[in-house]
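# Inside the fold
Here is what each chain is made of, one letter per residue.
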Amino acid sequence: MHGEALSLRIRALIRSLPRTGITLSELVHRVGNDGLLILAALLTLVFLIPISIPGVSTVFGAAILLIGLARLLRRELWIPERIAHKTIATRKLRPMLRKALPLLHRLERVSRPNRIAWLVANGPAERMNNASLILGAVLLMMPFGLIPFSNTFPAVALLFFAIGLLQRDGVCVLLGYIANVLTIAYFALLIGGGGLALREMVGRVIA
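A short tour of the structure in this document, coming up. Throughout this description, residue numbers start from 1 for each chain and increase along the sequence as written. Per-residue local features are limited, in this predicted model, to residues with pLDDT of at least 70; the limit for side-chain atom pairs, both in listing and counting, is 80 or more; totals at the level of whole chains, interfaces and linings are taken over all residues. Hydrogens are left out, water is left out, and the side-chain values use all remaining heavy atoms of the structure.

With that settled, consider the packing of helix α3 (residues 36–45) against helix α8 (residues 152–167). Only the stretch in contact is used when a helix axis is fitted, and all axes are lines through C-alpha atoms; the angle between N-to-C directions ranges over 0 to 180 degrees. For helices the rule is a DSSP run of H or I covering at least 4 residues; for strands it is a run of E covering at least 2, with both sets numbered from the N terminus onward. Contact geometry of α3 with α8 gives a least axis separation of 9 Å together with a crossing angle of 155°. Relative to α8, the element α3 lies roughly antiparallel. Here the hand of the crossing between α3 and α8 comes out left-handed. Along the contact surface, α3 presents L37, I38, A41, T44 and L45, while α8 presents A155, L158, L159, A162, L165 and L166. For this classification, Asp, Glu, Lys and Arg are treated as charged, while Ala, Val, Leu, Ile, Met, Phe, Trp, Tyr, Cys and Pro are nonpolar and the rest, including Gly, are polar. Its residues placed into classes, the contact of α3 with α8 shows 10 nonpolar, one polar and no charged. Here the angle decides the label: under 35 degrees means roughly parallel, over 145 means roughly antiparallel, 65 to 115 means roughly perpendicular, and every other value means oblique. Each crossing gets its hand from how the near helix is turned against the far one by less than a right angle, where anticlockwise is left-handed and clockwise is right-handed. We call two residues in contact when some of their heavy atoms are within 4.5 Å.

Below, the structure is given as structure tokens:
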């Protein structure tokens, strides 16, 4: 990535948060359409620590999904009114972002431009990467928020995609794909285990 480091730009965004709260539309305005991947990285940070704000995964996941669609369709970002004006309290948001920043900084330090260059090339690879960004956002929105790591795994995938696409680093993008696959496997395990538990419970009631 050229210019100022991603972690420094996000740190500046965190410092500039209003005292009461901020909406998604305000965040988009602050980064502009050229900074959509920076915004996506920022929105994933809150899920990298074991503290959650109820409802945030749905709102932030929807925003990242729309970012992926905007990139895939090569259009400006559009956010529905219902989520665009939902306010997230700064007193909850800022501490979570600050706690997650060191991890972003470490990931950023190991990232290198132009590794596995074909995976970040324009054309089919670019479309596949944007589609995978959308998939990660859908996984983040899945209703498993109270289950450990259910938000963390897709958030890690999305952060790898954001860093990889910003840095043109195919290794980070590849790690994003791996994290998406691991998330799907984890959710399949949760659904399968829940189904077995439900069947066992029904069997005991019937018996």
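Alright, that's what it looks like, and here's the rest.
Turn by turn, an α-helix covers 3.6 residues, leaving residues three or four places apart pointing in a common direction. Remark: exposure states derive from per-residue accessible area (1.4 Å probe, protein chains only) relative to the maximum for the residue type, with buried under 20%, exposed over 50%, and partly exposed in between. Regarding helix α2 (residues 24–31), the residues found buried are L24, L27, V28 and V31. Taken around the axis of α2, the buried residues stretch over an arc of 100°, which confines them to a single face. Packed against the buried residues of α2 are α1 (6–15), β1 (21–23), α3, α4 (56–73) and α5 (81–84). Along the arc lie the directions from the helix axis toward the C-beta atoms.

With that settled, the discussion passes to helix α6 (residues 90–110). Taking 1.5 Å per residue as the helical rise, α6 with its 21 residues ought to reach 30 Å, and the 30 Å between its terminal C-alpha atoms agrees with that figure. Here the bend at each residue means the angle between axes fitted to two seven-residue stretches, the one ending at that residue and the one beginning there. Taking the largest bend as the criterion, α6 deviates by roughly 35°, centred on L101, and proline P102 comes between one and four positions later. When α6 is considered as a whole, its buried residues turn out to be T90, L93, R94, M96, L97, A100, L101, L104, L107 and E108. Against α1, β1, α3, α4, β2 (87–89) and α8 lie the buried residues of α6. Working rule for helices: expected span equals 1.5 Å times residues minus one.

This part is about the side chain of S57. Of note, S57 is situated in helix α4. Given the relative accessible area of 12%, S57 is considered buried. Leaving out residues up to four positions away in the same chain, S57 has contacts with F47, A62, L140, M141 and N151.

Right, let's get into unusual backbone geometry. Located in the positive-phi region is R74, a residue other than glycine, with phi close to 55°. Non-glycine residue N114 carries a positive phi angle of around 70°. Relative to the helices and strands, N114 resides in the loop between α6 and α7 (124–140).

Glancing now at the packing of aromatic side chains. For this analysis, a ring pair means two rings from Phe, Tyr or Trp (six-membered ring only for Trp) whose centres lie within 6.5 Å, classed as stacked if their planes differ by under 30 degrees, edge-to-face if by over 60, and tilted for the remaining angles. This structure, assessed with the given rule, holds five aromatic pairs. The interplanar angle of 10° and the centroid separation of 5.7 Å between the aromatic rings of F149 and F153 together place this pair among those described as stacked. Ring geometry for F153 and Y186: centres 5.1 Å apart, planes at 80°, overall edge-to-face. Of the two residues, F153 is situated in helix α8 and Y186 in helix α9 (residues 170–206); the sequence distance between them amounts to 33 residues. Residue classification places F153 among the partly exposed positions, given a relative accessible area of 31%. An aromatic cluster is present here, built from F149, F153, Y186 and F187 joined pairwise through their rings.

The definition of a nonpolar core used throughout is a set of buried Ala, Val, Leu, Ile, Met, Phe, Trp, Tyr and Cys residues joined through side-chain atoms within 4.5 Å. I10, L24, L45 and F60 are the most contacted members of the largest nonpolar core, which totals 63 residues. By residue number, the principal contributor to this core is α4, which donates 10 residues. In contact with L24, other than residues within four places in its own chain, are L43, V59, F60, A63, I79, I83, A84 and K86.

Here, a salt bridge means any side-chain nitrogen of Lys or Arg that lies within 4 Å of a carboxyl oxygen of Asp or Glu. For the coordinates displayed, the defined rule picks out two salt bridges. The residue E126 makes a salt bridge to R74 at a minimum N-O spacing of 2.8 Å. Note that E126 is positioned in helix α7 and R74 in the loop between α4 and α5, a separation of 52 residues in sequence. According to the relative accessible area criterion, E126 is buried, its value standing at 17%. Residue R115 is joined to D169 by a salt bridge in which the shortest nitrogen-to-oxygen separation is 2.7 Å. With R115 in the loop between α6 and α7 and D169 in the loop between α8 and α9, this pair connects stretches of sequence that are 54 residues apart.

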